[in-house]
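What the coordinates show
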Amino acid sequence: MLFGSKNNKNIEQLSIVECISRFFELPIVSVESWVEVKKGTVKVTLPFASKSLHEELIKQIIISAEDTKLDISIDTQIVSAPTKIAKIPKVKNVIAVASGKGGVGKSTTSVNLAYALMAEGAKVGILDADIYGPSIPIMLGNPTAKPSSKDNKKVEPISAHGVVASSIGYFVPAEDATVWRGPMASKALHQLINETAWPELDYLIVDMPPGTGDIQLTMAQQVPLSGAVVVTTPQDLALADAIKGIAMFNKVNIPVLGLVENMSYHLCSQCGHKEAIFSEQGGDKLSEKYNLPLLGKLPLNIDIRQHADSGKPLQVSNPEHALSEVYRQLARQTSKYCYLKSVQIA
Ligand SMILES: Nc1ncnc2c1ncn2[C@@H]1O[C@H](COP(=O)(O)OP(=O)(O)OP(=O)(O)O)[C@@H](O)[C@H]1O
């Protein structure tokens, strides 16, 4: 393939842009600025996390450019989405993981999403905003960890398997926080956000308290959110609460990036029989009705529960597990829609 003339270069550039546009199912205009072609080298800078797809993307670019000698590099520069309130220093994006109803798997989704984003090349932290029922320390396997401070002003977040986290659970016994009234919970959240020495992060995943009442609304307004992911199970009761969750974020103008249907079905580990314990298609219907992407569907699976409860989430303990790939897909989708919302083309 010749790069001598301007025309050839343009044709080459166009075919690469078209290839990336097809690959990520995005319009050509949004992809153009990511590609730089120069004398046989192609530099692609992606604005969202998708590390596990880079190898395949390189293959596709070579095929579409019909040039096996191209020197292709793919880099990731996560874009920081605009927010209504002042950003947390060094933190590009804050994503809330919320649910209208308790017990649908919001915390499990939060931690696996965090590790899956890390596996896709992002720097990630977790903020446990579930002041009344913090479960993140248990899920990260460090419930007895005690935070320390280097400068006596800010507290260092706790590290666990490559992500950093902060939770009220590291500061006070769980039973103490459960009796706090709204203002106290708000103050605690304010301190967790602003008095933690967060390192450079692409994403801070916030495990929100379940529900859609005043407390949750205040909290949603307290955090500089780039977007929210709403977790639901497929049955009508949970869906009705998920709708309230969507309405809550709409009310405070925080973009809902999409939905996660958790416990979609149960796959029997003995006989492989698939059973829709919590009904079927609820997430799909909700996604269609509210024009929101269904970012991922996770089955009710014993490995997810055992690993979350034992402090080493599936994504960390067994990245080769088929469901770890489902979480990585969820992470790629979440990152992509966070970017799309930030440039207002979704
Ligand atoms: N897909 C799944 N398969 C199997 N077990 C799951 C799944 N998702 C969550 N669980 C289990 O369900 C229980 C509740 O999950 P989790 O704590 O994540 O829910 P939650 O919505 O955050 O709850 P809360 O409302 O108390 O904050 C946990 O024991 C967890 O391990």
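Since this is a predicted model, take the numbers as computed values, not measurements.

Let's talk about the packing of helix α4 (residues 106–119) against helix α13 (residues 322–342)
At their nearest, the axes of α4 and α13 sit 8 Å apart, and the two run at 80° to each other. One way to sum up the angle between α4 and α13 is to call them roughly perpendicular. When α4 is examined against α13, the residues N112, L113, A116, L117 and A119 are found in contact with a partner set consisting of Y327, R328, L330, A331, T334 and S335. A breakdown of the residues in the contact of α4 with α13 according to their chemical character gives seven nonpolar, three polar and one charged.

Quick notes on the packing of helix α7 (residues 182–194) against helix α8 (residues 214–222)
Running from N to C, α7 and α8 cross one another at 25°; their axes reach a closest spacing of 10 Å. Looking at the two axes, α7 sits roughly parallel to α8. In the packing of α7 onto α8, the handedness of the crossing is right-handed. Across from G182, A185, S186, L189 and H190 in α7, the residues of α8 making contact are D214, I215, T218, M219 and Q222.

Regarding the sheet that holds strand β1 (residues 35–38)
Pairing is mixed in the open sheet, where three strands are placed in the order β1-β2-β3. Among the strands making up the open sheet, the edge pair consists of β1 and β3 (71–76). Averaged over all adjacent pairs, the angle separating strand axes in this sheet is 15°, with direction ignored. Relative to the sheet, helix α3 (residues 54–65) contacts β2 (41–46) and β3, its axis offset from that of β3 by approximately 140°.

Some words on the nonpolar core
Counting residues in hydrophobic clusters, the biggest one holds 93 residues, and the most contacted among them are V206 and A228. Residue assignment places this core across two domains, with domain 1 (6–76) and domain 2 (91–342) each supplying three or more. Beyond its immediate sequence surroundings of up to four residues, A228 is in contact with I95, A96, A98, F249, I254, V256 and L257.

Section: the UniProt feature "binding site: ATP" (unreviewed entry) in the protein chain
Taken from the UniProt record, the annotation "binding site: ATP" (unreviewed entry) applies to G100, K101, G102, G103, V104, G105, K106 and S107. Along the chain, the position of G100 falls in the loop between β4 (91–98) and α4. For G100, a count of 25 C-beta atoms within 10 Å corresponds to the buried category. Excluding residues that lie within four positions of it along the chain, G100 makes contacts with G211, T212, D241, A242, K244 and G245.

Focus: the site of the ligand
The full set close to the ligand counts 21 residues, and G102, G105, S107, T108 and R305 are the nearest of them. Counting only elements with at least two residues in the shell around the ligand, the list comes to α4, β10 (256–267), β12 (294–300) and α11 (302–309). Considering every element that reaches the shell around the ligand, the biggest residue donor is α11, with four residues. When its residues are assigned to classes, the shell around the ligand shows seven nonpolar, 10 polar and four charged.

Side note on the domain arrangement of the protein chain
With domains assigned, the protein chain is organised as domain 1 (6–76) and domain 2 (91–342). Taking only C-alpha atoms into account, the centre of domain 1 sits 33 Å from that of domain 2. The interface of domain 1 with domain 2 comprises eight residues on the first partner and 10 residues on the second. In terms of residue class, the side of domain 1 that touches domain 2 is made up of four nonpolar, three polar and one charged.

The rules behind these values
Residues numbered from 1 in each chain as written. Predicted model: local features only at pLDDT ≥ 70, side-chain atom pairs only at ≥ 80, totals over all residues. Axes fitted to C-alpha atoms, helices over the stretch in contact; angles between N-to-C directions. Helix = DSSP H or I, 4+ residues; strand = E, 2+ residues; numbered from the N terminus. Parallel < 35°, antiparallel > 145°, perpendicular 65-115°, else oblique. Contact = placed C-beta atoms within 7 Å. Nonpolar A, V, L, I, M, F, W, Y, C, P; charged D, E, K, R; others polar. Left-handed = near helix turned anticlockwise from the far one by under 90°. Pairing = 2+ DSSP bridges. Core = buried A, V, L, I, M, F, W, Y, C linked by C-beta atoms within 7 Å. Buried ≥ 20, exposed ≤ 12 C-beta atoms within 10 Å, placed from the backbone. Domains from an automatic or database assignment. UniProt positions renumbered as here; feature names shortened; annotations may be inferred. Near = placed C-beta within 6 Å.

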